[in-house]
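What the coordinates show
One letter stands for each residue in the lines below.
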Amino acid sequence: MTTSLAPVPMNPLLSDGAPPLGDSEFAAIARIMMTEARISLPSTKKVLVHSRLSRRLRDRRLASFKDYVAFAESDPEELRILVTALTTNHTHFFRESHHFDHLRDVLMPKLKADPSRAPVRMWSAGCSSGEEVYTLAMTLMGTDRSQAEWMRNRDVRLLATDISEPVVNAAAEGFYAAGGVDGVPEAYRRAWMVQEGNGYRMAEAARALVTARVLNLFGEWPMRQRYDAIFCRNVMIYFDDAAKEELEARLVDLLKPGGYLYIGHSERLIGPAVSRMKSCGNTIYQRTDGAA
């Protein structure tokens, strides 16, 4: 049976502002993030942690961060909320556009020329609210609906995963405020977005390609198929080198021979993955081991 810490009466300090976050409580929260998500929290993030978790103290009517840490450690749901609150989810459509240029100009011709290369699978790992995976979808489908004909009767699926349930739900919903689609080229927007209220919803054809799931990159992966392309961008910057090596090796394992891994602009491959991949451009790598 799960036991939880009973909330204490509201501390008057919370009516005017959150209590301070002490070094020992910050260290405990950093340990939680490392254990649960392998995310490294340096001391420079103390102000950010205080800001993002203060509301949880108010919501739970807890008097101190010490009480909050104890509560989170005893309550799995609060632990999930803590990790979600400290996970950065910033993205936009066609971010680091050279990756999508490579997908369009290098990988897609291979997929189109070989219908037997099936199924076609791509993974947005750390998908945030879905802008990346839908950029993938639009790139595959083209700037007008006729260009998507190559996908007819082909088994094409895009997986979008993130540790944060709220952003995974947003990705599945596929709705974006008008200001959030400014970076989408007009031809793509006309073909694959539908204006709705004060924003845009991804067209059904795009949403039908996408499966959005909550996934901890350092937990068990239920996927058994291999991928033509994996996008894991601006995610590994939050991990230490040991975690990066582990994750990169697992990502390469899940690529088809000849498949591509796209990582963030400030990231690099390290560890065992290096010997199995070759650089194909700025933060673009192709799996070289195994039969292509």
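Scroll up a little and you will see the structure.
Residues numbered from 1 in each chain as written. Predicted model: local features only at pLDDT ≥ 70, side-chain atom pairs only at ≥ 80, totals over all residues. Heavy atoms only, no water.

With respect to the overall build of the protein
- The secondary structure content of the protein amounts to 11 helices and 10 strands.
- Against the 2.2 N^0.38 benchmark of 19 Å for 292 residues, the protein shows a C-alpha radius of gyration of 21 Å, consistent with a compact globule.
- Across its three principal directions, the C-alpha atoms of the protein cover 65 × 50 × 35 Å.
- Looking at the 292 residues of the protein, the share that counts as buried comes to 49%.
- Nonlocal contacts in the protein, meaning residues at least 24 apart in sequence, comprise 74% of its contacts between residues at least 6 apart.
- Here the protein contributes 37 positively and 36 negatively charged side chains, and the mean placements of these two sets differ by 3 Å. (Helix = DSSP H or I, 4+ residues; strand = E, 2+ residues; numbered from the N terminus. Rg over C-alpha atoms; globule rule 2.2 N^0.38 Å. Buried < 20%, exposed > 50% of the residue type's maximum accessible area, 1.4 Å probe, protein only. Contact = heavy atoms within 4.5 Å. Lys, Arg positive; Asp, Glu negative; His and termini not counted. Charge placed at Lys NZ, Arg CZ, Asp CG, Glu CD.)

Side note on the pairing of strand E4 (residues 193-196)
- Where E4 lies against strand E5 (residues 199-202), four bridges are found, and the strand directions are antiparallel. If you follow valine 194 over to E5, its bridge partner there is arginine 201.
- The loop that links E4 with its antiparallel partner E5 comprises two residues; one of these, glycine 197, has a positive phi angle of about 60°. (Pairing = 2+ DSSP bridges.)

Regarding helix H7 (residues 131-141)
- Most of H7 is tucked away, with 11 of its 11 residues classed as buried.
- Glycine 142 sits one or two positions beyond H7 and adopts a positive phi of about 95°.

Structural notes on the side chain of glutamate 248
- Relative to the assigned elements, glutamate 248 resides in helix H11 (residues 241-253).
- Lysine 244 provides the closest opposite charge to the buried, unpaired glutamate 248, separated from it by 7.0 Å.
- Filtering out sequence-adjacent residues up to four positions away, glutamate 248 remains in contact with Met236, Arg268, Leu269, Ile270 and Ala273. (Salt bridge = Lys/Arg side-chain N within 4 Å of Asp/Glu carboxyl O.)

Section: the sheet that holds strand E2 (residues 156-162)
- In spatial order, the strands read E6-E2-E1-E7-E8-E10-E9; together these seven strands make up an open sheet with mixed pairing. Bordering the open sheet on either side are strand E6 (210-214) and strand E9 (277-279), each of which pairs with just one other strand. Going from strand to strand, the sheet's axes swing by 20° on average, the running direction of each strand aside.
- Pairing between E9 and strand E10 (residues 284-287): three bridges, direction antiparallel. Directly across from serine 279, in E10, lies its bridge partner tyrosine 285.
- Packed on one face of the sheet, helix H6 (residues 98-113) meets strand E1 (120-125), strand E7 (227-232), strand E8 (255-263) and E10 and runs near 165° to E8.
- Where H11 meets the sheet, its contacts fall on E1, E7, E8, E9 and E10, and the angle it forms with E8 comes to roughly 140°. (Axes fitted to C-alpha atoms, helices over the stretch in contact; angles between N-to-C directions.)

Observations concerning the packing of aromatic side chains
- According to the stated counting rule, one finds 10 aromatic pairs in the structure shown.
- Geometrically, the ring pair formed by tyrosine 134 and tyrosine 176 is edge-to-face, given 6.3 Å between the ring centres and 75° between the ring planes. Residue tyrosine 134 is found in helix H7, and its partner tyrosine 176 is found in strand E3 (residues 175-177); the two are separated by 42 residues along the sequence. Here tyrosine 134 and tyrosine 176 have matching classes, each one buried.
- Ring geometry for tyrosine 260 and tyrosine 262: centres 6.4 Å apart, planes at 40°, overall tilted. No difference in accessibility class separates tyrosine 260 from tyrosine 262, as the two residues are buried.
- Site record: aromatic cluster; members linked through ring pairs are Phe94, Phe100, Tyr188, Phe231, Tyr260 and Tyr262.
- The aromatic ring of tyrosine 200 is capped on one face by arginine 189, whose charged end is 5.6 Å from the ring centroid. (Phe/Tyr/Trp six-rings, centres within 6.5 Å; stacked < 30°, edge-to-face > 60°. Lys NZ or Arg CZ within 6 Å of the ring centre and 35° of its normal.)

Overview of the side chain of arginine 56
- Relative to the helices and strands, arginine 56 resides in helix H3 (residues 46-60).
- Among the residues examined, arginine 56 registers a relative accessible area of 16% and is labelled buried.
- The contacts of arginine 56, once residues within four sequence positions are left out, are Tyr68, Glu78 and Ile81.

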